[in-house]
Amino acid sequence: MATRRIRNSILGGAVTAATALAVLSTAPAASAQVTSVSAGTALAHVNSTYTLTAYVGGSNVGTQVSFWIADTSGNATYLGASPVASGTATLAWTPTAAGSYNIIASDDGNRTSNNAGSIGVSVTSVPAGQMGSGSASKIPIIGGVLSALLNQFGLA
């Protein structure tokens, strides 16, 4: 009788362990993949705020995306993290110096991982909307086109 109870206890423990292993094996991974990054502009201006957006595929509840900014030498500064909601994570960024930068976003906290996405952004020291006197539109024939082009790049 005691042997039967011991045998049933061992068998019950084995079934419990097998069930736990099966559940853990089929549980989804917490990681996702940053599929693309947007800075909202290709030409940013010092002291203007932009919304960085990371588009994430396969994210799970609780996924966080970390953002970095790297200069042309590869020196990176951590900007912060944001939770993924509806496939995107966003973070506000205000550039403080002119130059060329790489915005990096990753869901696993590692800016050099395969899960990271990036985009290049140029930053100018000229404040937004203060590129000139606004007289481009007064140039005969091409004024309207030139003014629209400058405005598209945030230079008008």
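Since we're looking at a predicted model, the values are computed, not measured.

Comments concerning unusual backbone geometry
Reasoning step 1: We note that N47 has phi near 65°; this positive angle belongs to a residue other than glycine.
Reasoning step 2: Here N47 shows up in the loop between β2 (43–45) and β3 (50–57).
Reasoning step 3: Exposure remark for N47: the relative accessible area of 61% places this residue in the exposed category.
Reasoning step 4: At S86, a residue that is not glycine, the phi angle is positive and equals roughly 55°.
Reasoning step 5: Mapped onto the secondary structure, S86 falls in the loop between β5 (76–83) and β6 (88–93).
Reasoning step 6: Note on S86: relative accessible area 81%, which makes it exposed.

Brief notes about the sheet that holds strand β4 (residues 64–71)
Reasoning step 1: With mixed pairing, five strands are arranged side by side in an open sheet as β2-β8-β7-β4-β5. Each having just a single partner strand, β2 and β5 make up the two edges of the open sheet. The mean angle between the axes of side-by-side strands here comes to 30°, regardless of whether they run parallel or antiparallel.
Reasoning step 2: Of the pairings in the sheet, the one linking β4 to strand β7 (residues 99–106) comprises six bridges and is antiparallel in character.

Observations regarding the sheet that holds β3
Reasoning step 1: If you trace the three strands from one edge of the open sheet to the other, you get β1-β3-β6, paired in antiparallel fashion. Looking at strand neighbours, the two that pair on one side only are β1 (33–38) and β6, the edges of this open sheet. The average undirected angle you get between the axes of adjacent strands in this sheet is 25°.
Reasoning step 2: By the bridge criterion, five bridges tie β1 to β3 in an arrangement that is antiparallel. In the strand pairing of β3, S38 is matched with T53.

Things to note about the layout of surface pockets
Reasoning step 1: The computed volume of the largest pocket comes to approximately 160 Å³.
Reasoning step 2: I69, A70, D71, N75, T77, L79, W93, T94, P95, T96, A97 and Y101 are the residues that line the largest pocket.
Reasoning step 3: The element best represented in the lining of the largest pocket is β4, accounting for three residues.
Reasoning step 4: Partitioned by chemical class, the residues of the lining of the largest pocket number seven nonpolar, four polar and one charged.

Thoughts on the pairing of β3
Reasoning step 1: Inspection of the sheet shows β3 paired to β6 by six bridges, in the antiparallel sense. Within the sheet, the bridge partner assigned to L52 lies in β6 and is L91.

Calculation criteria
- Residues numbered from 1 in each chain as written.
- Predicted model: local features only at pLDDT ≥ 70, side-chain atom pairs only at ≥ 80, totals over all residues.
- Heavy atoms only, no water.
- Helix = DSSP H or I, 4+ residues; strand = E, 2+ residues; numbered from the N terminus.
- Buried < 20%, exposed > 50% of the residue type's maximum accessible area, 1.4 Å probe, protein only.
- Pairing = 2+ DSSP bridges.
- Axes fitted to C-alpha atoms, helices over the stretch in contact; angles between N-to-C directions.
- 1 Å grid on protein atoms, 1.4 Å probe; cavity = no way out; pocket = protein on both sides within 12 Å on 5 of 7 lines; lining within 4 Å.
- Points joined across faces, edges and corners; volume = space filled by probe spheres on them.
- Nonpolar A, V, L, I, M, F, W, Y, C, P; charged D, E, K, R; others polar.

All quantities given are derived from atomic positions and should not be read as evidence of function.
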